[in-house]
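Geometric and topological summary
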2 protein chains.
Amino acid sequence: MPNKIPHIVIGRLPLYLRVLNRLHKEGKVYASSQELGKLLDISAAQIRKDLSHFGELGKRGTGYQIEFLIDELGKILNTDTIWKMAVVGAGDVGHALANYNGFVNRGFEVAAIFDCDPDKVGNQIGDLTIKDCSEMQAVVDQENIKIAVIATPAEAAQQVAEDLISTGVKAILNYAPIFLKVADDVHVEHIDPAVHLQKLSYYLE
Amino acid sequence: MPNKIPHIVIGRLPLYLRVLNRLHKEGKVYASSQELGKLLDISAAQIRKDLSHFGELGKRGTGYQIEFLIDELGKILNTDTIWKMAVVGAGDVGHALANYNGFVNRGFEVAAIFDCDPDKVGNQIGDLTIKDCSEMQAVVDQENIKIAVIATPAEAAQQVAEDLISTGVKAILNYAPIFLKVADDVHVEHIDPAVHLQKLSYYLE
DNA sequence: TAGATTGTTAATCGATTAACAATC
DNA sequence: TAGATTGTTAATCGATTAACAATC
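Residues numbered from 1 in each chain as written. Chains lettered and ligands numbered in written order. Predicted model: local features only at pLDDT ≥ 70, side-chain atom pairs only at ≥ 80, totals over all residues. Heavy atoms only, no water.

**Some thoughts on the protein's contact with DNA strand C**
The line we're drawing: Being near a molecule or strand, for a residue, means having at least one of its heavy atoms within 4 Å of it. Definition of a polar contact: a pair of N or O atoms within 3.5 Å, with one able to donate and the other able to accept a hydrogen when the atoms are protein atoms, and with sequence-neighbouring residues admitted only if both atoms are side-chain atoms. Comment: elements are numbered from the N terminus, with helices defined as DSSP H or I runs of at least four residues and strands as E runs of at least two. Ten residues, namely Ala, Val, Leu, Ile, Met, Phe, Trp, Tyr, Cys and Pro, are considered nonpolar, four, namely Asp, Glu, Lys and Arg, are considered charged, and the remaining ones, Gly among them, are considered polar.
The environment of DNA strand C is formed by 25 residues, the closest being Ser33(A), Gly58(A), Tyr64(A), Lys59(B) and Arg60(B). Put simply, 65% of the atoms of DNA strand C that lie within 4 Å of the protein are in sugar or phosphate. Taking Gly61(A), its main chain carries an N or O atom lying 3.1 Å from a sugar or linking oxygen of DNA strand C. At 2.7 Å, a side-chain N or O of Tyr64(A) approaches a phosphate oxygen of DNA strand C. At the level of secondary structure, the elements contributing two or more residues to the surface near DNA strand C comprise α3 (44–52) of chain A together with α1 (7–25) and α3 (44–52) of chain B. Here the residues of the surface near DNA strand C sort into 5 nonpolar, 10 polar and 10 charged.

**Section: the pairing of strand β3 (residues 83–88) of chain B**
Residues and elements named next belong to chain B. Put simply, the rule is: Note on classification: 1.4 Å probe, protein chains only; a residue is buried when its accessible area is under 20% of the maximum for its type, exposed when over 50%, partly exposed between these limits. Paired strands, in this sense, are two strands between which DSSP finds at least two bridges. Crossover handedness is defined here as right-handed if the route from the first strand over the helix to the second strand goes clockwise, with the strands pointing away from the viewer.
With 5 of 6 residues buried, β3 is to be regarded as a mostly interior element. With 6 bridges connecting them, β3 and strand β4 (residues 108–115) associate as parallel partners. Note on β4: the bridge partner recorded for Val88 is Phe114. Each parallel crossover has a hand, and the one from β3 via helix α5 (residues 92–99) to β4 is right-handed. Pairing of β3 with strand β8 (residues 147–150), which is carried by 4 bridges, proceeds in the parallel orientation.

**What to know about the protein's contact with DNA strand D**
DNA strand D sits among 25 residues. The nearest are Lys59(A), Arg60(A), Ser33(B), Gly58(B) and Tyr64(B). Taking Ser33(B), its main chain carries an N or O atom lying 2.6 Å from a phosphate oxygen of DNA strand D. Between DNA strand D and Arg48(B) there is a distance of 2.9 Å, counted from a base oxygen to a side-chain nitrogen or oxygen. Looking at the surface near DNA strand D, the elements that each hand over two or more residues are α1 (7–25) and α3 of chain A together with α3 of chain B. Across the surface near DNA strand D, the residue classes break down as 5 nonpolar, 10 polar and 10 charged.

**Section: the interface of chain B and chain A**
Put simply, the test is: Should any heavy atoms of two residues lie within 4.5 Å, those residues are considered in contact. As used here, buried area is the combined drop in accessible area, with a 1.4 Å probe, of two parts when they are placed together.
Of the residues lining the interface, 60 residues belong to chain B; the matching set on chain A comes to 60 residues. Taking both sides of the interface into account, the surface hidden between chain B and chain A amounts to around 5700 Å²; carbon and sulfur atoms contribute 65%. Counting the contacts that link chain B with chain A gives 24 residue pairs in polar contact (both at pLDDT 80 or more). Among the elements that line the side of chain B that touches chain A, the one with the most residues is helix α8 (residues 193–202) of chain B, at 10 residues.

**Side note on the sheet that holds strand β7 (residues 131–132) of chain A**
All names here are of chain A. Defined as follows: Each axis is a line fitted through C-alpha atoms, and for a helix only the stretch in contact is used; angles between axes span 0 to 180 degrees, taken between their N-to-C directions.
Pairing is parallel across the open sheet formed by 6 strands, whose spatial order is β7-β4-β3-β8-β9-β10. Of all strands in the sheet, those bounded by a partner on one side alone are β7 and β10 (187–190). Where helix α6 (residues 136–143) meets the sheet, its contacts fall on β3 (83–88), β4 (108–115) and β7, and the angle it forms with β4 comes to roughly 165°. Contacts between helix α7 (residues 154–167) and the sheet are confined to β3, β8 (147–150) and β9 (171–174), with β8 contributing the most and set at about 165° to the helix.

**Some words on the domain arrangement of chain A**
Our working rule: Residue ranges for the domains originate in an automatic or database domain assignment.
The domain architecture assigned to chain A consists of domain 1 (7–76) and domain 2 (83–196). Taking only C-alpha atoms into account, the centre of domain 1 of chain A sits 31 Å from that of domain 2 of chain A.

**Brief notes about the state of the cysteines**
All names here are of chain A. Rules: Here, the term disulfide refers to a pair of cysteine sulfur atoms separated by no more than 2.5 Å.
Under the criterion given, the structure shown has 2 disulfides over all chains. Through a disulfide, Cys116 is tied to Cys133; the S-S separation comes to 2.2 Å. With the S-S dihedral at roughly -95°, the linkage between Cys116 and Cys133 falls on the left-handed side. With a gap of 17 residues between them, Cys116 in the loop between β4 and β5 (124–125) and Cys133 in the loop between β7 and α6 connect regions that are remote in the sequence. Overall, Cys133 belongs to the buried group, its relative accessible area being 17%.

**Topic: the pattern of salt bridges**
Oppositely charged side chains can form a pair if their charged atoms are brought close together. Short version of the rule: Salt bridges are counted wherever a side-chain nitrogen of Lys or Arg sits within 4 Å of a carboxyl oxygen of Asp or Glu.
Per the stated rule, a full pass over the model turns up 22 salt bridges over all chains. With a closest N to O distance of 2.4 Å, Lys28(A) and Glu35(A) form a salt bridge. Exposure remark for Lys28(A): the relative accessible area of 30% places this residue in the partly exposed category. Residue classification places Glu35(A) among the partly exposed residues on the basis of a relative accessible area of 31%. Glu189(B) is the salt-bridge partner of Lys199(A), the closest N and O atoms lying 3.7 Å from each other. Taken together, the positions of Lys199(A) in helix α8 (residues 193–202) and Glu189(B) in strand β10 (residues 187–190) put the pair across two chains. According to the relative accessible area criterion, Lys199(A) is buried, its value standing at 17%. Residue classification places Glu189(B) among the buried positions, given a relative accessible area of 11%. A single network of salt bridges, built from pairs that share partners, joins Arg18(A), Arg106(A) and Asp192(B).

**Considering the pairing of β9(A)**
Residue and element names in this part refer to chain A. Across the two faces of β9 the burial is the same, with Ala171 and Leu173 and Ile172 and Asn174 all buried. Inspection of the sheet shows β8 paired to β9 by 4 bridges, in the parallel sense. Directly across from Ala148, in β9, lies its bridge partner Ile172. For the crossover from β8 across α7 to β9, the handedness is right-handed.

Written out as structure tokens, the structure is:
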């Protein structure tokens, strides 16, 4: 299963999961590829093709059993347990992440938040106390953290990434508007709202 | 120029712009497709191909003049002027967006922030006063707003999108973890950190 | 059984890359 | 001029779609 699945297919699985969770909450039991496709603007054929990479998850004639498929996708994506995450940078984005309640039922939890600014260290965000960057190694070890989120200014991000990686972090979600250079065994995703806005503005006027 | 360019090409232009701005700030004058590719993990051939959609922007033998290319990409993406944006939802994400200083030199500005919760209306975020949702139409008209950001809970997002569109908004950046259904002439981009995290966790362990 | 929908194959479509003539 | 790098074509590669037999 961790074999030859195209990255683009993996990228769609979280979308399937999101819509399935919604349908489940609405009390639905089965969903066909056609229904899911309508809700996601994705062709039914593509959804079937994507899911077929992981076995026969549906039933001919009736479609996909929602609860079952949610479980399977959770296992495939490794979100059937909770990943503890570190957030670096206790600015507005760091605050938003620390307070976000949408992580826990999707497989994630902010376990620690760091900042290098001594004025911020010690302050409270919800249940979390902002820790100094120097404590990163100890906390990552203690909490067994594999995923980190970078929410620092662009100038600090590359160094923070390297520090995180040297503590053993293997995956980074980067909010800083800069491309991170990392070794091949570290996975990075980028979020940059201005990039999305620039895509949008191309199509305006 | 607003013709047949593939969406996937448009999606890379903001990345080119971002790295070019960095090089410009560092004082560089020219950059080759190979250099840019190294900084972005994109092949040099692809960068040349992408840029060639918009004319002959480089010079054989020397590469691309950074300042010139920044200007050209700004014109292509319509970010050579400032777009005024509305943010709906004055929670943590709304705050982070209103305070973000990375928009203005990339073509955007948060001109207004709305919330439907009367307890929040009237509060201040930086220079902005949180306005009631009922004022949306008036503000969108007055400020000539075409782009909005949705930063509400998932349950409210679809309705907010429809309200925004009825005021004349043509592009939406959606932070709510739900797929928005909109007419074909409205453009939507989605940002959902949990989706990115789930992609990352697939590759872990 | 009849109707519905999957899983899968083959065909199509589109995107990336390699290669090189053009040219700065 | 010699060296470098673009713009562009053709070849390759990969992803999407259409279609349908299998089967619930």
